[in-house]
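Residue-level structure breakdown
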Amino acid sequence: MKKSRLNKIIALLLTFGVAQLHAQEVKRIDQGWDFLKSDLGGIWEAVRPVGAGNPESVPLWEQINLPHCYNALDAVDPAINYYQGPSWYRKSLEIDNPYLNGHTLLHFEGAGQKTAVYIHTNKVGEHVGGYDEWTVDITDAVEKFKKTAAFKKQFKGKIPLSIRVDNSRDLEMIPSDLSDFNVYGGIYRHLNLKYVPQTALERVFVEASVGADGKQGVVNVRGRLMPFSAQTNFEVETQLYDPAGKIVQTQQPQVNRGTLNLEFGQFLVKKPQLWSPDQPALYRLVTTIKSNGQVFKEESVFGFRHVAFKEKGPFLLNGKRLLLRGTHRHEDHAGVAAAMTDDQILQEMTLMKEMGVNFIRLGHYQQSRKVLEACDSLGILVWEEIPWCRGGLGGEVYQLQGKRMLTHMIEQHYNHPSVIIWGLGNENDWPGDFTEFDQAKIRAYMSELNDLAHQLDPSRKTAIRRCDFCKDIVDVYSPSIWAGWYRGVYTDYKTASEEEMKKVKHFLHVEWGGDSHARRHAEDPDRALAKIKGDGTTDERAGDASLIGGAARVSKDGDWSESYICNLIDWHLKEQETMPWLTGTAYWPFKDFSTPVRPDNPVPYVNQKGVVERDFTKKESYYVFQSYWTAKPMLHIYGHTWPIRWGEKEESKMIKVYSNASEVELFVNGESQGLKKRNSQDFPAAGLRWMVKLNEGNNQIKAVAKNGREILVDEIEQQYQTKKWGKPAKLLVEQIAAEGEVITVQAQIVDDTNTPCLDAKDWIYFGSTGDGQLIVDQGTSTGSKKVQAYNGRALIKLRLPSGTAVVSGRMEGSKSTLLTIEK
């Protein structure tokens, strides 16, 4: 996709939500909330009349805006378990419904994990499930409260809304707390106040189909009225718009009366513009309901595309093979956790697209509508799944929730052309939550989910990952293959994949890769492989993610360097180019994310397998993917975050360049090291590697590539250290950069001669006092108060508008080193 087209899509996505909300009489009520991170004795404590300073004014509430996650920081605080329990939100609303006898609704786009809603002291609705959208009708409760004295006297003509959310541990709730991600709490997606007329649509379902030849598109439209709607005395109009915004057809369908479920007829479109990753053409359907002089409109965006999975073969889109080049995503970000802004979501999806992604598995739950809208507009195919993840199988309440969440996910995201697979579960072979682990019962429930998915949407495939005893139930299956990380060596990847492909009709490999501690690099990244037996075993087993005990494996015994992961990814990508039967793969994940089950990782409580950090900082591996997957010219020297290399005098060191250019020339200290041609099968770095003798001290490294008339240049500066170091003795703490109010501090591990210990991995602890504040609990390599050293150092940032601050750095078992900063 061309850059100019990508920019236009981004601009449209930024404005789409506002236009759609206006058309549907929806108002976001994200601003000006009171929040309390604890429970109340009862709803009366949220609404009772009280003046400031009175005993009844406690507990004290804080001011926040939505989206809001109350685990924004504690999820990655290395000193505590993250908070799992109830919290409260409250706000007074101005209700002014323009429709006579219309209805007033609260529309939640997502709140975790159990929610109860109150108008004054009246409980008006509740919901279980942290990821699907849901609506509460507050019409009657509002009218009832308007008749009370408190409405005028205490609340000055406004409506008091209180919401209790709760993410407490609960074995009979999906997802399991054994999952490798946080079960967050909060109203972490938008909350909308919605006014609708007496007759209104709850949902419109648009089924667009087209043959592989693309000659004729068929659009079948059906809808469902909201439960309170009059089922007679209304008219319907449907208008179809092409991707340029031009009206193609208008219809006034005659609908079947006396039912909430309506058939709106069919459109035929000759030679429709097809949706694809390169040209994500989107059509729009506007459905209008007119009743008693009131009008309700619903806009639905959809696309035409033909999807086919060949048995034991590749994936076809619009009649042509498309290798699915994928990744994964959790709804999680530094400083906000699940409460990502629309801009942050769009930035993340755009970064994926610019890396060359055309496919994503949304792990492991229904995600924000903004994610799906971005996938539609950017051209990213989607596998979306419900959060039946690990733990086994619960009872009736548990199973009903799973079916309800599957129904909601399919209905709410039915129209998105990006979605091609509905996921039914993940790692359902993982016992632990229940006394019983019965494979037959799990199979029976999986079959029920599979049947339900096909009943709700016959047009799409179903899938699961890692539950071998259920792999024959679903349409598409992914086994666990972690060659070179949890088991085996990465050179086993192709053989293991081919063997697994033969066992199922449709094989799609999701989840592969490994952890990398950002800014940690290695001179001999594959050294750990000498300890690993490459016996062809590549599946993850219980305990393989632990850093304690078990068989020799890179996940425990490796160096967690970016250098190793770049080689692992490089090998996988070059092999994928020689697997003509391959449907595709999805790297796990795109971005580092928080998890309660990994407290001992180099950044505590963070799964560090991402190609970008939790704050979007790119790791070196991002560019490996770009070099294989993108057409836009790119060039990147490995080692932008590797300030000091080490080795012997006169020793030749490998310098790697990742690029999609046909040839690259390398210069070191002004001297050409020769021109190399790119060959994807020449591992590593597709042949773009040079063995170079570096000068002791400073070295200037430059790569140059030509793309027609365009010249690409990338440059880095690296020190080369030949002096040997001894045992780590102390920390040197110093300021190394400043930008506005933010100061960057480095803690360097040195021996007793002040020689940097460049292979040291000691834990480093940061603290501060005075006028500044450390930027910590971000879950990043430069935003954690406890972090493992990367090449003998660690960075932290201090926000200091003015005054004096003291920053401390300490190694395990040593005294602190203090740095005084004045501004």
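None of the values given here were measured: they were computed from a predicted structure. In every chain, residue numbers begin from 1 and rise along the written sequence. Reporting in this predicted model follows two pLDDT cut-offs: at least 70 for local features of residues, and 80 or more for side-chain atom pairs to be given and counted; totals over whole chains, interfaces and linings ignore these cut-offs and use all residues. To obtain the side-chain values, all non-hydrogen atoms of the structure were included, while hydrogens and water were left out.

This part takes up empty space enclosed by the protein. A probe matching the size of a water molecule, rolled over the atoms, marks out where space remains unfilled. Grid points spaced at 1 Å over the protein atoms alone were grouped into cavities, where a 1.4 Å probe fits but cannot get out, and pockets, open sets with protein on both sides within 12 Å along at least five of seven lines, with lining residues defined by an atom within 4 Å of a point. Grid points are joined across faces, edges and corners, and a volume is the space filled by probe spheres set on the points. For the structure on display, the rule yields six cavities of 30 Å³ or more. Computed from the structure, the largest cavity encloses a volume of approximately 120 Å³. Residue classes follow a fixed rule: Ala, Val, Leu, Ile, Met, Phe, Trp, Tyr, Cys and Pro count as nonpolar, while Asp, Glu, Lys and Arg count as charged, and any other residue, Gly among them, counts as polar. Within the lining of the largest cavity, the residues separate by chemical class into five nonpolar, four polar and seven charged. There is about 60 Å³ of room inside the second largest cavity. What lines the second largest cavity is P67, E109, Y188, R189, H190, E331, A338, M340, D342, I345 and S368. Taken together, the residues of the lining of the second largest cavity sort by class into five nonpolar, two polar and four charged.

By convention here, two paired aromatic rings are described through the distance between centres and the angle between planes. Two aromatic rings from Phe, Tyr or Trp, using only the six-membered ring of Trp, form a pair when their centres are within 6.5 Å; if the ring planes differ by under 30 degrees the pair is stacked, by over 60 it is edge-to-face, and anything between is tilted. With the rule as written, the count across this model stands at 35 aromatic pairs. Ring geometry for Y283 against F304: centres 5.0 Å apart, planes inclined by 90 degrees, an arrangement best described as edge-to-face. Linking Y283 in strand β16 (residues 283–291) with F304 in the loop between β17 (294–302) and β18 (307–309), this pair joins segments that are 21 residues apart in sequence. Linked through ring pairs, W485, Y490, W560, Y564, W571 and F683 together constitute an aromatic cluster. Consider the ring centre and the ring normal. A charge sits over the ring if Lys NZ or Arg CZ is within 6 Å of that centre and within 35 degrees of that normal. Here the basic side chain of R90 rests over the ring of W61, its NZ or CZ set 3.9 Å away from the ring centre. Secondary structure counts use DSSP, requiring at least four H or I residues in a row for a helix and at least two E residues in a row for a strand, with both numbered from the N terminus.

Here the focus is the pairing of strand β23 (residues 381–385). Of all five residues in β23, five are buried, a share of seventy percent or more. Note on classification: 1.4 Å probe, protein chains only; a residue is buried when its accessible area is under 20% of the maximum for its type, exposed when over 50%, partly exposed between these limits. Side chains L381, W383 and E385 project from β23 onto one buried face, and the interleaved V382 and E384 project onto a second face that is buried too. At least two DSSP bridges between two strands are required for those strands to pair. For strand β22 (residues 359–362) and β23, the ladder comprises four bridges, and the chain directions are parallel. Bridging from a neighbouring strand, R361 pairs with W383 of β23. A crossover counts as right-handed when, viewed with the strands pointing away from the observer, the path leading from the first strand over the helix to the second turns clockwise. With helix α6 (residues 369–378) bridging β22 and its parallel neighbour β23, the resulting β-α-β unit is right-handed. Relative to strand β24 (residues 419–426), β23 is paired through four bridges, and the arrangement is parallel. Residue pairing for β24: W383 is matched across the bridge by I421. Each parallel crossover has a hand, and for β23 linked through helix α7 (residues 396–412) to β24 it is right-handed.

None of this, on its own, says anything about what the molecule does.
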